[in-house]
Amino acid sequence: MAAPSGRRIGGGSASLWAALLLAAVALRPAEAVSEPITVAFDVRPGGVEHSFSHSAGPEDKFTCVFTYASQGGTNEQWQMSLGTSEDHQHFTCTIWRPQGKSYLYFTQFKAEVRGAEIEYGMAYSQAAFERESDVPLKNEEFEVTKTTVAHRPGAFKAELSKLVIVAKAPHSEL
């Protein structure tokens, strides 16, 4: 069975396995991962734009911001997990609905990182839950830039349940 494809900066695509390898290399044992921080928040329908953000790393060096608008149903509890490598050069941000598939109709979404540049970003219409697997959005439904993973107006089909970002701190010149 083929692995779902992911998105990298530069227009190339990579399989989920390549993304996991990238994360494994970025967060290899020599640069162990600090204990991830997971925070719960409500995704609220109503068609109004909402944002949720959290920071991690020394002096909150990295920030992940999830901005969205959705319709239908009632509030859903989602989670945001942030992790950094021990050397604080790599950062991960995962935003997802722990119960798997969201029943909200998303009119827009954007996950933004601050303090780092995205090396890998992926969006999913369904998050893994019980016997179900992650179901990635089609590549044409979202775009990945140096700092964001966002919907593509006119192409996004309104289903979102998970976002994954692996980012790296910019090099500082001495």
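As the structure is a prediction and not an experimental result, all values here were calculated from the model.

Caption draft 1: Seen up close, the overall build of the chain. A tally of regular secondary structure across the chain gives 1 helix and 13 strands. Along the chain, helices (α) and strands (β) appear in the sequence β-β-α-β-β-β-β-β-β-β-β-β-β-β when read from the amino end. The buried share of the chain, taken over its 174 residues, is 44%. Residue pairs at least 24 apart in sequence account for 68% of intrachain contacts in the chain once pairs closer than 6 positions are excluded.

Caption draft 2: Seen up close, the side chain of Gln-126. With respect to the element layout, Gln-126 can be found in strand β9 (residues 117-126). Judged by relative accessible area, which is 14%, Gln-126 ranks as buried. Among the polar contacts listed, one links the side chain of Gln-126 to the side chain of Glu-132, at a separation of 3.4 Å. With residues up to four places along the chain from it excluded, the contact list for Gln-126 reads Lys-101, Glu-132, Ser-133, Asp-134, Val-135 and Ser-161.

Criteria and thresholds
Residues numbered from 1 in each chain as written. Predicted model: local features only at pLDDT ≥ 70, side-chain atom pairs only at ≥ 80, totals over all residues. Heavy atoms only, no water. Helix = DSSP H or I, 4+ residues; strand = E, 2+ residues; numbered from the N terminus. Buried < 20%, exposed > 50% of the residue type's maximum accessible area, 1.4 Å probe, protein only. Contact = heavy atoms within 4.5 Å. Polar contact = N/O pair within 3.5 Å; in protein donor to acceptor, adjacent residues only side chain to side chain.

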